[in-house]
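Examining the three-dimensional arrangement
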Amino acid sequence: MGAATALATLVLFGMPVAMRYASPERETGTVPLVFLAAGLALIGIAALFTIRGYRLDAAGLHVERLLWADRIALDTLRGAWADHQATAKSLRLFGNSGFFCIAGLFSNRKLGRYRAFATDPQRAVVLDLATRKVVVTPDDPQAFLAALRNRCPQVEIGVEPDA
């Protein structure tokens, strides 16, 4: 995620600079300022969706964003397991693939259609809910699974079902 954020930020700031200094006419009008303002706005909006962490409580799993939290109810949780290859070869159906986070609706052969709230795919944990799969990426997947096991003792946690 860090490389995608850095590249996108570089492009968004690089365009107005290139327009200003690389053009033969030395563009000094409002066009570079408009591109700079648009880039700043895009960065600001994307930063709002940053995933800061995850919190488990009686209401479910909360995906902590910059100014709010998305809640995922765990009432229908059927299983959960760590899988650093869970998001491999995924097709983005709707969402963001790395500008401050990886979030949205994705699909791949392994999971089918799934929702991602991720920052580092190498730390992926798959939540198998009755109607959908969700991928999160806690800092410590094993500690997250242990906390989930305490929260949902009736559910098999840590074992990927046979495909």
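Report follows, based on the coordinates. (Residues numbered from 1 in each chain as written. Predicted model: local features only at pLDDT ≥ 70, side-chain atom pairs only at ≥ 80, totals over all residues. Heavy atoms only, no water.)

It is worth spelling out the layout of surface pockets at this point. Roughly 210 Å³ of internal volume is contained in the largest pocket. Among the secondary structure elements, those contributing two or more residues to the lining of the largest pocket are β5 (91-97) and β6 (102-108). Residues of the lining of the largest pocket, tallied by class, amount to 6 nonpolar, 3 polar and 3 charged. Its boundaries defined by the atoms lining it, the second largest pocket holds a volume of some 160 Å³. Secondary-structure elements contributing two or more residues to the lining of the second largest pocket are β1 (53-57) and α3 (141-151). (1 Å grid on protein atoms, 1.4 Å probe; cavity = no way out; pocket = protein on both sides within 12 Å on 5 of 7 lines; lining within 4 Å. Points joined across faces, edges and corners; volume = space filled by probe spheres on them. Helix = DSSP H or I, 4+ residues; strand = E, 2+ residues; numbered from the N terminus. Nonpolar A, V, L, I, M, F, W, Y, C, P; charged D, E, K, R; others polar.)

Attention now moves to the sheet that holds strand β2 (residues 60-64). Spatial ordering of the open sheet is given by β1-β2-β3, a layout of 3 strands whose pairing is antiparallel. Each edge of the open sheet carries a strand with a single partner, namely β1 and β3 (69-72). Across this sheet, the average inter-strand angle for adjacent strands is 25°, counted without regard to direction. Two strands pair when backbone bridges link them, and β2 and β3 are joined in this way by 4 bridges, in the antiparallel orientation. Each residue of the ladder has a partner; that of H62, found in β3, is R71. Strands in contact with α3 are β1 and β2; relative to β1, the strand with the most contacts, it is inclined by about 20°. (Pairing = 2+ DSSP bridges. Axes fitted to C-alpha atoms, helices over the stretch in contact; angles between N-to-C directions. Contact = heavy atoms within 4.5 Å.)

Quick look at the pairing of strand β4 (residues 77-82) now. Note: β4 against strand β8 (residues 125-129), 5 bridges, orientation antiparallel. The residue of β8 that forms the bridge with G79 is D128. Bridge count between β4 and strand β10 (residues 156-157): 2 bridges; the pairing is parallel. Each bridged residue has a counterpart across the sheet, and for G79 the counterpart in β10 is E156.

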